[in-house]
There are 2 protein chains.
Amino acid sequence: MPPSLQKELKKRGPFDSVEQEAMLALMRTTDLLENRLARLFRDYGLTLTQYNVLRILRGEGKPMPCLEIAERMIQVAPAITRVVDQLLKLELITKTQSSSDRRVFEIELTPAAAKLLKRMDQPVLDLHASLLKSVNKSDLRTMIRTLGVVRSGVQG
Amino acid sequence: MPPSLQKELKKRGPFDSVEQEAMLALMRTTDLLENRLARLFRDYGLTLTQYNVLRILRGEGKPMPCLEIAERMIQVAPAITRVVDQLLKLELITKTQSSSDRRVFEIELTPAAAKLLKRMDQPVLDLHASLLKSVNKSDLRTMIRTLGVVRSGVQG
DNA sequence: TGCCGAAAGTTTACATATAAACTATTTGGC
DNA sequence: GCCAAATAGTTTATATGTAAACTTTCGGCA
């Protein structure tokens, strides 16, 4: 059935579907939040990606191969290679070839990095809280649950 | 029950706060969704950003200055300059200097772009629906509302 | 009229993401 | 033991995002 002329001329609604609206809301909101986080990290001389790598290393508590870091970042390998190079230059990590498997390079935090992370902990927590202060914790948990459902639906 | 983000990321300790968990859930989920969208657009020879610019132009229905496009993308001017150049090369837009204000360049869709967009409409709608099929519409609306609260809280 | 600040875009520099091709090393079969 | 496939990581190419400096043009105001 051809669409009526009236419908064709009717101004396009803001969204074609709830799903599309949700998608745009997610993208815009996340972009906004990431910008604010990046701004804080810049005050400490780090980018968001660099900080994430350091956080992962601290969470692990021992040396990690590059690709294992990449996996946890949900990133592709080449991105990690570059970040590792930068962090090396900043002397926030060390990179040593594994003796048991010489394809592997073990990445480890330096004491300077541990100190830097510790100094950033409270400001980061505060910023997280501040950015989401307008939403009560119950609604946050609901959103976290919904986002989990989205991810499991996409991956499956 | 959806897998917890904590487990997905193999993080050892608990999250430091609900806010942090929400932040990570948002970033990871959005990243996943954007990747899938980008994959579809690539099939049509477009990047996500290029598609968004074309969508905005179609939504407006008449020529637009560069910076007005940038505003709607929540982007910075230089990014638009580049994507406009690319779309020009693809002959999907035209760029003409305004006669009333010669600082301004009016960007307009070509017929080829309109045709391309029309061809993409249904696949894009379908993908949106497919990516979010695991969440019922009521939960989606709740999430959209929560995300709106987040944005208003951050900007204010 | 002429100057000065603001606005529209561009350019440059740097950080990052993805894909694809490549190197080096290990491992599994035969 | 040797060769093929798999794995860890790098390199290159293209796209994007942000910041900062710069150009051209417009408009207000003395």
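Just above, that's the structure.
Residues numbered from 1 in each chain as written. Chains lettered and ligands numbered in written order. Predicted model: local features only at pLDDT ≥ 70, side-chain atom pairs only at ≥ 80, totals over all residues. Heavy atoms only, no water.

Draft legend 1. Quick look at the overall build of chain A. Assigned secondary structure in chain A consists of 7 helices and 3 strands. Listing each helix as α and each strand as β along chain A from the N terminus yields α-α-α-β-α-α-β-β-α-α. Residues classed as buried in chain A amount to 40% of the 156 residues present. At a minimum sequence separation of 6, the contacts of chain A that also span at least 24 residues come to 50%. (Helix = DSSP H or I, 4+ residues; strand = E, 2+ residues; numbered from the N terminus. Buried < 20%, exposed > 50% of the residue type's maximum accessible area, 1.4 Å probe, protein only. Contact = heavy atoms within 4.5 Å.)

Draft legend 2. Main features of the nonpolar core. Leu54(A) and Ile80(B) are the most contacted members of the largest nonpolar core, which has 91 residues in total. Apart from the residues lying within four places of it in its own chain, the contact partners of Leu54(A) are Leu46(A), Leu87(A), Leu92(A), Ile93(A), Leu109(A), Ala113(A) and Leu117(A). (Core = buried A, V, L, I, M, F, W, Y, C linked by side-chain atoms within 4.5 Å.)

Draft legend 3. Here's a closer look at the pattern of salt bridges. All names here are of chain A. What the rule picks out here adds up to 10 salt bridges over all chains. Ionic pairing is found between Arg-58 and Asp-121, a salt bridge with its closest N-O pair at 2.9 Å. One end of the pair, Arg-58, is in helix H3 (residues 48-60); the other, Asp-121, is in helix H6 (residues 111-131), and 63 residues separate them in sequence. A relative accessible area of 26% means that Asp-121 is categorised as partly exposed. Overlapping salt bridges bring together Glu-60, Glu-68 and Arg-72 as one network. (Salt bridge = Lys/Arg side-chain N within 4 Å of Asp/Glu carboxyl O.)

Draft legend 4. Molecular detail of the relation of the copies chain B and chain A. The two copies are related by a screw motion: chain B maps onto chain A through a turn of 180° and a shift of 0.0 Å along the axis, at an RMSD of 0.0 Å. Read as a symmetry element, the transformation amounts to a two-fold axis. Closest approach to the rotation axis within chain B is made by the C-alpha atom of Met143(B), at a distance of 2.9 Å. Counting the interface residues of chain B, we find that 85% of their copies in chain A are interface residues as well, pointing to one common contact surface. (Least-squares fit on C-alpha atoms with pLDDT ≥ 70 in both.)

Draft legend 5. Summary view of the protein's contact with DNA strand C. The full set close to DNA strand C counts 25 residues, and Thr47(A), Gln75(A), Gln86(A), Thr81(B) and Lys95(B) are the nearest of them. Put simply, 72% of the atoms of DNA strand C that lie within 4 Å of the protein are in sugar or phosphate. Taken together, the elements giving at least two residues each to the surface near DNA strand C come down to H3 and helix H5 (77-89) of chain A together with helix H2 (18-43), helix H4 (66-73) and helix H5 (77-89) of chain B. A class-by-class count of the residues in the surface near DNA strand C yields 10 nonpolar, 7 polar and 8 charged. (Near = heavy atom within 4 Å. Nonpolar A, V, L, I, M, F, W, Y, C, P; charged D, E, K, R; others polar.)

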